[in-house]
Amino acid sequence: MILQALTAYYEQLVRLGKLSAPGWDDSFKVSYELRLNDAGQLLRVVSLLTEKTVGKKTVLAPRAMRVPAHEKRSSGIAANFLCDNSTYLLGADEKGKPERSADCFKACAKLHHTILDGVDSPPARALLAYFDSWDPAQAAAHPLLAEQWKEITGNANLIFGYEAADHSHSFVNDDPAIQNAWQTHYNDRSADSDMGQCLITGKYAPIERTHPNISGVPGAQSSGAALVSFNAPAFCSYGHEQGDNAPVSKYAAFAYTTALNRLLADRSHCKHVGDTTILCWAENAEPVYQDAMSMFLFGANEATGIQESDVQAALKRLSAGQTVPFLEKELSPDQHFYLLGLAPNAARLSVRFFLRDTFGSFAQNLQKHAEEMEIDCSEKEKFRTLPIWAVVNETTRTVPGQPAKPSPQLAGDLLRAVLTGGRYPATLLNGVTLRIRAEQTVTRGRAAVIKAYYLRNYPTELNKEVYTVSLNETTNVPYLLGRLFSVLEAVQKAANPGINTTIKDRYFNAACATPGMSFPTLLRLSQKHLRKLNDGLATHYDKQITELMAQLPESGFPARLSLPDQGKFTIGYYHQTQKRYVKKNEEE
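Residues numbered from 1 in each chain as written. Predicted model: local features only at pLDDT ≥ 70, side-chain atom pairs only at ≥ 80, totals over all residues. Heavy atoms only, no water.

Strand order in this open sheet of 4 strands is β12-β13-β16-β17, and the pairing throughout is antiparallel. Among the strands making up the open sheet, the edge pair consists of β12 (271-273) and β17 (348-358). Going across the sheet, the axis of each strand differs from the next one's by a mean of 25 degrees, ignoring polarity. One ladder, built from 10 bridges, connects strand β16 (residues 336-345) with β17; its direction is antiparallel. Paired with L342 across the bridge in β17 is V351. In the packing of helix α1 (residues 2-15) onto the sheet, the strands contacted are β13 (276-282), β16 and β17, and the crossing angle to β13 comes to about 55 degrees. Contacts from helix α13 (residues 410-420) reach β12, β13, β16 and β17 within the one sheet, and its direction differs from that of β17 by about 10 degrees. (Pairing = 2+ DSSP bridges. Helix = DSSP H or I, 4+ residues; strand = E, 2+ residues; numbered from the N terminus. Axes fitted to C-alpha atoms, helices over the stretch in contact; angles between N-to-C directions. Contact = heavy atoms within 4.5 Å.)

In C-alpha cells:
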C-alpha cells in the first residue's frame, strides 16, 4: 500500500511536470564542476556549494541538480554516468588502494564510451577525449586540483561542464544528444533482467534486484537506507535472492524511491518529532494540502503570514465537511491524503505509521484532539493550541540549550492516535506523570495531556464532569483536594513574598498520593501563614479554605489516591492556580 501510494504520487508529479521520467534524479547533491574544453582538457574546477541556514548557523551545502540516476553501490565497482565522486571521475586514491582507484576510473571511462560512442555533439566528444587523455596518477599534482584536493576527494560529488571556443558554458547533462543517449542506454539495460509480475503496477516487467536508497532520514546512514531489502538468508524464502522475494519492477522501484526522496528533500513539509520523520502528501500532489497539515500538526510559521486563529478556523470548517480557501487555494474535505512516519533502523527504515483517508476525516480527528487538549492558560502562551512536538516534549526533562529527547516510539504512537481518533498511548500519561513527580510542576501542557488522556481513554460521566477546560464546581474529592492544595500554597506565598521553596516543592507528591498523611500538616502550617496576613487577606483565604473543607466527606482525607484520582488532583490544582493568575492579571 505504501509503495503503491508513492508510485501514484510520482506519476502525478510527472503529469504536472514537476518530476522527470525514469532514469533521472532531480535533486542529486553536487559539490564541484569539472569544466572541460573541446580537447577534453580540464580548464577549471568550479565550486557549486551554496550558503544554507541550518538552525542559527550558515553553512556551505551542495547544489541540488538533475543528473542521470545513480547505481546502488555496496562493495563492488559500479560507475555512474556524468556525475560521480573523485575516485571514478579523477581516479583519485585517498584510501591507499591505487589499483582499485585505477579500476574505478577505467570502469567510468568504459561506461561513457559505451553510451557516447557515435554521439555527434561537442560536449560528448570533449568527455570522451577527457577519459582518453586523463592520467589518474597525476591527478593530485594537477595545478587546478592541488589547492582543494582534500575538499574534492572528500565526501563530494563531481559533475562535468563544457566550455566552447566562444566561452559559452553549459553542464554536459543539459546537452540534448547526451540526454537521448543516456535515456536509450537506461531503457535498454533492463533487457537482460529477470521478468516477473510487479506487485505494485501488476504489469509483467523487468524486476529490480536491489532498490535505490532513501536519503534524508535523520539517524539513518548518510549514504542512504532501504525501505525494501533482502540481504541475508534469514530474510529470503523459497530460494529467492534479493528483490525476487517481493518482485517490484524497475520502473516502480525508481518511481517510489524518487517520490520518497523528493518528500524528504522538502524541508518545509518534512517534519521530525523524536526519532520519527513525518511526511505527508495529497493524491492530487497539490502542496497546499501539505502546508495546511503541517500547520494543523506543528503550528503556523510566522513567515507565511498565517495566524493561528486562521489555521484553527480552517480546521474547524474542514472538520464540518466544508471547502476552505487557504493560501490562495481551496482545500476540499474529500481529497485523499496520506501520512507516513519513518524512523532509522541501521541500514533500513522502520515504518512507524502509514495512514490514508480523506483530508476532512483527518481534520475531524485533529479537531477532536484540539478540543480534548483545550485548557485554560495564560495569555502569554505562544500557542493557543498545543502542537504535536510540544505535547511530546512535555514527557521529557528540559535542559536549556539542548534538544528534547522523548521516547523514540512515543511520537509515532501519539500521531497515530491523534490522526485516527484512537486511544492515546499509555506512555504519554506515564511520561507526563513522571515529570510532574520529578519537578513538582504542573505546566499547561502537562495538565492538558492528563485532561485529554482520561477524556479519550476513559470517557465516563465523572471524567467529563472533572476534566473541563476551566475551574468547575464539582464535589469530586481528589479534584477538591487539588484545589485546596493550590489555595494553601497561595496563602504561603502571600505570607512570605519572594519565597523560593513552597509547599509545592516539598509536599506536592505526598499530598497527591497520600493526602491523609499530608493535609493535616499543611492545614496547621496554613494557620501560621494566615496570622502573618492583614485581616482582609486572611479572611479572604480563610473563606476559601473553609468552603473547600466543607465539601469534603466527614470521614476526613482519604489515605491514598489511585493513579486516575491523582490525575484529578493535578487538574484541580492547575485549575485553581490558573484562576488565581487570571484574576491577578485582571486586577493589574
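There's plenty left to go through after this.
Assigned domains of the protein: these are domain 1 (1-16 + 192-265), domain 2 (31-187) and domain 3 (474-587). Between the C-alpha centres of domain 1 and domain 3 there is a distance of 61 Å. (Domains from an automatic or database assignment.)

In this section: the environment of D505. Inspection of the secondary structure assignment puts D505 in helix α18 (residues 503-513). Taking the relative accessible area as the measure of exposure, D505 reaches 32% and is therefore partly exposed. Separated by 68 residues in the primary sequence, D505 and R437 place their C-alpha atoms 9.9 Å from one another. If we ignore the near neighbours within four places in the chain, the residues touching D505 are Q440 and N500. A polar atom in the side chain of D505 sits 2.9 Å from the backbone nitrogen of T502. (Buried < 20%, exposed > 50% of the residue type's maximum accessible area, 1.4 Å probe, protein only. Polar contact = N/O pair within 3.5 Å; in protein donor to acceptor, adjacent residues only side chain to side chain.)

Along the polypeptide, R397 turns up in the loop between α12 (388-393) and α13. Residues R397 and E33, spaced 364 residues apart in sequence, show a C-alpha to C-alpha distance of 47 Å. If sequence neighbours within four positions are ignored, R397 has contacts with R435 and E439.

This part takes up the nonpolar core. Buried together is how nonpolar side chains tend to be arranged in soluble globular proteins. Counting 90 residues, the largest nonpolar core has L339 and F485 as the members making the most contacts within it. Ranked by residue count, the leading element in this core is helix α17 (residues 477-495), at 10 residues. Among residues more than four places away in sequence, those in contact with F485 are I503, K504, Y507, F508, A511, F519, L522, F569 and Y573. (Core = buried A, V, L, I, M, F, W, Y, C linked by side-chain atoms within 4.5 Å.)

Between α17 and α18, whose axes approach to 11 Å, the crossing angle comes to 165 degrees. In terms of their interaxial angle, α17 and α18 are classed as roughly antiparallel. The element α17 and its partner α18 pack so that their crossing is right-handed. Contacts from F485, L488, E489 and Q492 of α17 reach α18 at I503, K504, Y507, F508 and A511. Among the residues making up the contact of α17 with α18, the classes are represented as 6 nonpolar, 1 polar and 2 charged. (Parallel < 35°, antiparallel > 145°, perpendicular 65-115°, else oblique. Left-handed = near helix turned anticlockwise from the far one by under 90°. Nonpolar A, V, L, I, M, F, W, Y, C, P; charged D, E, K, R; others polar.)

At a closest axis distance of 11 Å, the pairing of helix α9 (residues 287-298) and helix α11 (residues 359-373) adopts a crossing angle of 10 degrees. Put simply, α9 runs roughly parallel to α11. When α9 is examined against α11, the residues Y289, A292, M293, F296 and L297 are found in contact with a partner set consisting of F359, F362 and L366. For the contact of α9 with α11, a count of residues per class yields 8 nonpolar, no polar and no charged.

Bringing the side chain of N463 into the picture now. Structurally, N463 is set in helix α16 (residues 461-466). Given a relative accessible area of 6%, N463 falls into the buried group. Residues in contact with N463, not counting those within four places in the same chain, are Y454, L455, Y458 and K568.

Okay, the pattern of salt bridges next. Using the criterion set out here, one finds 15 salt bridges in the structure. For K568, the salt bridge goes to D565, with nearest N and O atoms at 3.6 Å. Here K568 pairs with D565, and both are found in helix α21 (residues 563-587), just 3 residues apart, close to one helical turn. Relative accessible area serves as the criterion here: at 5%, K568 is assigned to the buried category. Ionic contacts of the salt-bridge type, sharing partners, join the residues E33, R35, R44 and E163 into one network. (Salt bridge = Lys/Arg side-chain N within 4 Å of Asp/Glu carboxyl O.)

Taken as a whole and assessed by the stated rule, the structure comprises 30 aromatic pairs. Look at Y130 and F160: their rings are 5.2 Å apart centre to centre, the planes differ by 65 degrees, and that puts the pair in the edge-to-face class. Of this pair, Y130 sits in helix α4 (residues 122-133) while F160 sits in strand β8 (residues 158-163), placing them 30 residues apart in sequence. A relative accessible area of 1% means that Y130 is categorised as buried. For R423, the ring lying beneath its charged end belongs to Y458, and the centroid distance is 5.4 Å. Looking at R456, its charged tip hangs above the ring of Y424, at a distance of 4.3 Å from the centre. (Phe/Tyr/Trp six-rings, centres within 6.5 Å; stacked < 30°, edge-to-face > 60°. Lys NZ or Arg CZ within 6 Å of the ring centre and 35° of its normal.)

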